[in-house]
Amino acid sequence: MDIHEYQAKEILSGYGVKIAEGGMAYSPEEAVQRARDIGGHIWAVKAQIHSGARGKAGGIKICKTHDEVEAAAEALLGKRLVTHQTGPVGKVCGRLYVEAGTDIVKEMYFCFLVDRSSERIVMVGSAQGGMEIEELAENNPDAITKIYIEPAVGLQDYQAREMAFALGLEPELLSHAVKTIRGCYRALRELDAGMLEINPLVVTRSNELVALDAKMGFDDNALFRQQKISELRDKTQEDPREMAAADRGLSYVGLDGDIGCMINGAGLAMATMDMIKLAGGEPANFLDVGGGASAERTEKAFRLVLADKGVKAMLVNIFAGINRCDWIAEGVVEAVKKIDMKIPLIVRLSGTNVEEGRRIIAESGLPIITAETLAEAAEKAVQARNEAVAKEAAQGA
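This structure is a prediction, so every number in the text was calculated from the model and none was measured.

Student: Whenever I open this one, the pattern of salt bridges confuses me. Can you help?
Tutor: One side chain can pair with another of opposite charge once the charged atoms of both are near each other. Under the counting rule described, the total for this entry stands at 24 salt bridges. We note a salt bridge from Glu392 to Lys312, for which the minimum N-O separation is 3.1 Å. Of this pair, Glu392 sits in helix H13 (residues 374-396) while Lys312 sits in the loop between helix H10 (295-306) and strand E16 (313-320), placing them 80 residues apart in sequence. In this structure Glu392 comes out as partly exposed when scored by relative accessible area, which is 43%. Look at Lys312 and you get buried, because its relative accessible area is 19%. Connected through salt bridges with shared partners, the residues Glu5, Lys9, Lys46, Arg54, Glu99 and Asp213 form a single ionic network.

Student: For this particular structure, what's the right way to read the packing of aromatic side chains?
Tutor: One pair of aromatic rings is described through two measures. These are the centre distance and the angle between the planes. Counted under the stated rule, the structure contains 3 aromatic pairs. Aromatic pair Phe110 and Phe112: ring centres 5.2 Å apart, planes at 85°, arrangement edge-to-face. We note that Phe110, like Phe112, is buried. Among the aromatic residues, those joined into a cluster by ring pairs are Phe110, Phe112 and Tyr185.

Student: Looking at this structure, how should I read the sheet that holds strand E2 (residues 43-47)?
Tutor: By definition, the strands of a sheet pair up through backbone hydrogen bonds, in either a parallel or an antiparallel sense. Strands sit in the order E1-E6-E2-E3 across an open sheet of 4 strands; the sheet is antiparallel. Every other strand in the sheet has two partners, leaving strand E1 (22-25) and strand E3 (60-63) as the edge strands with one partner each. Neighbour-to-neighbour, the strand axes of the sheet open up by a mean angle of 20°, direction not taken into account. The sheet strands contacting helix H1 (residues 5-13) are E1, E2 and strand E6 (96-100), and the helix crosses E6 at an angle near 50°. Relative to E1, helix H2 (residues 28-38) is tilted by about 165°, and along the sheet it contacts E1, E2 and E6.

Student: Quick question: what am I supposed to make of the environment of Arg348 here?
Tutor: As for its placement among the helices and strands, Arg348 is situated in strand E17 (residues 345-351). On the accessibility criterion, Arg348 (12% relative accessible area) is buried. A polar contact of 3.0 Å, which involves the side chain of Arg348, links it to the side chain of Asn317.

Student: Which parts of the structure should I look at to understand the packing of helix H11 (residues 325-339) against helix H12 (residues 354-362)?
Tutor: Between two packed helices, the angle of one axis relative to the other and the distance separating the axes together describe the packing. Direction vectors running N to C along H11 and H12 enclose 20°, while the axes themselves pass 7 Å from each other. What the angle tells us is that H11 and H12 run roughly parallel. Along this stretch, H11 crosses H12, giving a crossing that reads as right-handed. From H11, Cys325, Asp326, Ala329, Glu330 and Val333 reach across to H12, where they touch Val354, Glu356, Gly357, Ile360 and Ile361. The residue inventory of the contact of H11 with H12, partitioned by class, reads 6 nonpolar, 1 polar and 3 charged.

Student: Any chance you could explain the domain arrangement of the protein here in plain terms?
Tutor: Think of interface size as the accessible area that goes away when the parts come together; that is how it is often given. Domain annotation of the protein identifies domain 1 (21-100), domain 2 (104-231) and domain 3 (240-396). The centre of domain 2, based on its C-alpha atoms, is set 42 Å off from the matching centre of domain 3.

Student: Any chance you could explain the UniProt feature "binding site: ATP" (unreviewed entry) in the protein here in plain terms?
Tutor: Per the UniProt record, the feature "binding site: ATP" (unreviewed entry) sits at Lys46, Glu99, Thr102 and Glu107. Examined against the element boundaries, Lys46 turns out to sit in strand E2. Once you skip the residues sitting within four places of it in the chain, Lys46 turns out to touch Glu5, Lys9, Arg54, Gly59, Ile60, Arg95, Leu96, Tyr97, Glu99 and Leu212. Within the fold, Glu99 resides in strand E6. Accessibility expressed as a relative area gives 1% for Glu99, which makes it buried. When neighbours within four sequence positions are excluded, Glu99 is seen to be in contact with Glu5, Lys9, Ala20, Glu21, Gly22, Ile38, Ile42, Trp43, Ala44, Lys46 and Leu212.

Student: Before we go on, may I ask you to explain the nonpolar core in this structure?
Tutor: What tends to happen in soluble globular proteins is that the nonpolar side chains get buried as a cluster. Among the nonpolar cores identified, the biggest contains 41 residues, and Phe112, Met216 and Phe218 are the most heavily contacted of them. The biggest single contributor to this core is helix H6 (residues 174-190), with 7 residues. Residues in contact with Met216, not counting those within four places in the same chain, are Met1, Asp2, Ile3, Ala8, Ile11, Leu12, Ala187, Ala193, Met195 and Leu196. Formed by 32 residues, the second largest nonpolar core is a distinct cluster that contains Tyr252, Ala320, Val333 and Ile360.

Student: Is there a simple way to explain unusual backbone geometry in this structure?
Tutor: Excluding glycine, residues mostly carry a negative phi; peptide bonds, for their part, are mostly trans. Of note, the bond from Asn199 into Pro200 is cis; its omega dihedral lies within 30 degrees of zero at 10°. In this fold, Pro200 is placed in strand E10 (residues 193-204). Although it is not a glycine, Asp192 adopts a positive phi angle of roughly 60°. The topology assignment puts Asp192 in the loop between H6 and E10. Despite not being glycine, Asn353 has its phi angle at roughly 60°, a positive value. Relative to the helices and strands, Asn353 resides in the loop between E17 and H12.

What counts and what doesn't
Every chain is numbered on its own, with residues counted from 1 as its sequence reads. In keeping with the model being predicted, local features are shown solely for residues with a pLDDT of at least 70 and side-chain atom pairs are shown and tallied solely at 80 or more, while totals for entire chains, interfaces and linings include all residues. The side-chain quantities take in all heavy atoms of the structure and omit both hydrogens and water. Take a side-chain nitrogen of Lys or Arg and a carboxyl oxygen of Asp or Glu: if they are within 4 Å of each other, that pair is a salt bridge. By definition, any uninterrupted DSSP run of H or I lasting at least four residues is a helix, any uninterrupted run of E lasting at least two residues is a strand, and each is numbered from the N terminus. Exposure classes here rest on a 1.4 Å probe applied to the protein chains alone. A residue is buried below 20% of its type maximum, exposed above 50%, and partly exposed in between. Note on aromatic contacts: the rings of Phe and Tyr and the six-membered ring of Trp form a pair at centre separations within 6.5 Å, being stacked when their planes are under 30 degrees apart, edge-to-face when over 60 apart, and tilted otherwise. Here, strands pair whenever DSSP counts at least two bridges between them. Only the stretch in contact is used when fitting a helix axis, every axis being a line fitted to C-alpha atoms; angles between N-to-C directions are given from 0 to 180 degrees. Only heavy atoms matter for contacts: two residues are in contact if any of them lie within 4.5 Å across the pair. Under this definition, polar contacts are N or O atom pairs within 3.5 Å; protein pairs additionally need one hydrogen-donor-capable and one acceptor-capable atom, and for neighbouring residues in sequence, both atoms have to be side-chain atoms. Should an angle fall under 35 degrees it is called roughly parallel, over 145 degrees roughly antiparallel, and 65 to 115 degrees roughly perpendicular, with every other angle called oblique. By definition, turning the near helix anticlockwise from the far helix through less than a right angle yields a left-handed crossing, and turning it clockwise yields a right-handed one. Throughout this entry, Asp, Glu, Lys and Arg are counted as charged residues, while Ala, Val, Leu, Ile, Met, Phe, Trp, Tyr, Cys and Pro are counted as nonpolar. The remaining residues, Gly among them, count as polar. Where each domain begins and ends is defined by an automated method or by a domain database. UniProt positions are given in the numbering used here, feature names are shortened, and annotations may be inferred rather than shown by experiment. We define a nonpolar core as any set of buried Ala, Val, Leu, Ile, Met, Phe, Trp, Tyr and Cys residues linked to one another through side-chain atoms lying within 4.5 Å.

Given below as structure tokens:
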């Protein structure tokens, strides 16, 4: 789960990280009032969306008068910002963060990340901040410092000092840097965050260390014990299909294709998507219904996949181990009858009671296309999709 910049900054501030003064605004009038409350003569008006690279998309505007603040707010509120992280669909800005201008002397990059490959937490830093870390890693990898932290031991002071030196900070800022780094680490560990990024972390003209931007991502599986974090969720920034799935206990990831998938098991789901692509199609989603795919759960999964109006064909691929193919077949038949499907349905069953499951589908009288192997199922799904698209084109002509 991701949160907004202002939420991340509020959290970090509670852990001793210094931030610039700022306030939320939901209208141009509120934005001007926030600027008046902050005072000064320069402000940053920032669109609050779950994405980096907002500046490149025009989502951050520097203003020197209240009229400029109002104009910036009018331009940003309701605007759909498209970045390389949002994809072509973009995300709509529904709230703004108005922040005091900062006199910047130096910009740096700083991040904590859970590294699953090493089963440790990695602290990443660079003296070159304010730019995309992917771009920096490609063009100048030597400019990035990585320090691995053993979770059982925790962050050590010498590691925090090593990172402070790698960031090129002056000796008089060393203690402040160590405090900031330790505060970030505590926030990551105590709140079950998987990622904490400050870009840029800046040194100001008054020689202070300030987090000018902040991003945090949290482990969805730990939200049950992080109620305050869970309450920060902004569902308007997330794929509505994924939110609907999460609310129903299903693992769903929306994709850009038009062949809907319902599969049990994450590994089988990924293999199925690979086979669809190999056959020349594009999957519309990743959907793992899990081991206990009851008739009710199967119907929910069907409705979730079909809620995507771009789906032209649907593939059900079930390998029954804990489950049974006859149970799945009954659930599929019941779901199709209730939903009144208008698109081709391809079903491939394998495993426990597979013959009985195939018999139930064959005797259902429904126009369900069956397949025995994964490759055959993928080929039939792509063929059915192509025929459906061709039929739509002919009707439209």
